[in-house]
Amino acid sequence: MAPTSPILTPDDFHFSSIETTEDMTRYVPGGYHPIVIGDILSPSAENSESTSRQYRIMHKLGFGSYATVWLAQKTDSSKAFVAVKVTTADGGLTREAAMLEAASKMQTNDSQPSHVLTLLDHFTLHGPNGTHSVLVTDVVAPTLSLLSRKCLPLWRKAAAHGLTQAVADLHTAGIVHGGELSAPIINDPADPPLDLHLGNVGFAIPQLGDQDPHRVMLDLSPHELTIVLPTSAANQTPSLPAYVVAPCDLSTYYDRIALSDLPQTKIFDFGSAHEAGTLPLSFQCAVEACAPELVFAIVVEKTANPPVEPPADVWALGAAIYEVVAGSSLFYRVGLTGLPRRMAAMACSLPAGWQNWYAGLSDAPEVSPSAADAWWASRRERLRPNCADEADTDALITLLRKVLVLDPALRPMAAEVVQDPWFLNAAPMLKHMNVAQYQSL
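Residues numbered from 1 in each chain as written. Predicted model: local features only at pLDDT ≥ 70, side-chain atom pairs only at ≥ 80, totals over all residues. Heavy atoms only, no water.

Caption draft 1: Focus on the overall build of the protein chain. When you go through the protein chain residue by residue, the secondary structure sums to 15 helices and 13 strands. As presented, the protein chain carries roughly 19000 Å² of accessible surface, and 53% of it is formed by carbon and sulfur atoms. (Helix = DSSP H or I, 4+ residues; strand = E, 2+ residues; numbered from the N terminus. Areas by Shrake-Rupley, 256 points an atom, 1.4 Å probe, with all protein chains shown as cover.)

Written out as structure tokens, the structure reads:
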């Protein structure tokens, strides 16, 4: 019989941590696993390997509706730092683990780092709120926070190149990175978003292995704790942790130890990834990432769960490249229902399936090559400050106009995008130079 626990509201606690931590009221059977700093997580005792698979919780990295993510340190002689993602008991990461394992098998060149999150361990954890899935991975810094910094054009291009290579590798493995969306949350999103969105892209921190662990803990932002104290003693159950923890400022620490090197982009959150040719488990759509065919299916055709195929990932990739360079999203402050018009306005022509919808609009935007040229000219002004020069900006616009087309059949494959001249022109520097060397040119 499943354990029972009182249903609590925020008013049932003396202290509140709204928006800075996960929801205290979700520490119930079926919800979060109670974790405090210093806890050691490992597989169940009956697993003979568990003594070599122990992870000591050191700080919080992030949280979402279905998981918390922690900075942990291995208790073996390596003392290595890892990220530990613990789902709610009604969540589950078996599918995500399987997708990460499949993605890891496509890594054929050991001399080049993978651009997909590295799965280091996976096990289940039993606690007062049920059974939770645990993923242990490498630590990544959040992309969105870092892109607000003043980064050099080469740094941004390296970030975009790594993301493009990751998508190409996933598609080679037959994986589409589609699924549910959660809005970006503090530091590390723990909910699986849809498609390629910068909320589920980060940067590896291999430099972390060169740091003294004691120094790392001193240099990270201090622990900000909120005591979990119900107003009634009767509600102080084992389902609750002693306190909840706000995520550390990993971006600032990344700036300190890694920003002088070119970034190693990593895609994470594979909870709703699926094999090409199959439907995602469920569907919601981020404005920043949603491909035109998906927008049209949802908004115009009222399709609840449209198929998400590789071309949708390629559109999302193009939108992400734009955001990496411009520092703002392609359709800023546009709701999902407004997207079909905005997308039509950027196009030279419309797909056949859009013609009837367009003909029925009372104030239809102009769709023509000249209108599309004007639309992209305005976007060029936003991209130019973070490109190397005029020629670099022109090459980027050419790439984006090939990728961000409404008809999915006309988009290039991700493997073709990797070979685009915008990337190839900088290939020698991307392989052999760090940012400090680039600054000296």
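What follows continues from the structure just given.
Caption draft 2: Region of interest: the side chain of serine 368. For serine 368, the position within the fold is in the loop between helix H9 (355–359) and helix H10 (369–383). From its side chain, serine 368 meets the backbone nitrogen of alanine 371 in a polar contact 3.1 Å long. The contacts of serine 368, once residues within four sequence positions are left out, are Ala347 and Cys348. (Polar contact = N/O pair within 3.5 Å; in protein donor to acceptor, adjacent residues only side chain to side chain. Contact = heavy atoms within 4.5 Å.)

Caption draft 3: Structural detail: the nonpolar core. Counting residues in hydrophobic clusters, the biggest one holds 88 residues, and the most contacted among them are Trp315, Phe331, Leu396 and Trp422. By residue number, the principal contributor to this core is helix H7 (residues 310–326), which donates eleven residues. (Core = buried A, V, L, I, M, F, W, Y, C linked by side-chain atoms within 4.5 Å. Buried < 20%, exposed > 50% of the residue type's maximum accessible area, 1.4 Å probe, protein only.)

Caption draft 4: Spatial organisation of the packing of helix H3 (residues 153–172) against H7. Between H3 and H7, the least distance of the axes is 9 Å, while the angle of their chain directions is 170°. Here H3 lies roughly antiparallel to H7, going by the angle between them. Contacts between H3 and H7 pair Arg156, Ala159, Ala160, Leu163, Thr164, Val167 and His171 from the former with Pro310, Asp313, Val314, Leu317, Ala320, Ile321, Val324 and Val325 from the latter. Of the residues assigned to the contact of H3 with H7, the class counts are eleven nonpolar, two polar and two charged. (Axes fitted to C-alpha atoms, helices over the stretch in contact; angles between N-to-C directions. Parallel < 35°, antiparallel > 145°, perpendicular 65-115°, else oblique. Nonpolar A, V, L, I, M, F, W, Y, C, P; charged D, E, K, R; others polar.)

Caption draft 5: Representation of the pairing of strand S5 (residues 119–127) in the model. Taken together, the eight bridges between S5 and strand S6 (residues 130–137) define a ladder with antiparallel strand orientation. The residue bridging threonine 124 from the neighbouring strand is serine 133, located in S6. Hairpin connection of S5 to S6: two residues between the antiparallel strands. (Pairing = 2+ DSSP bridges.)

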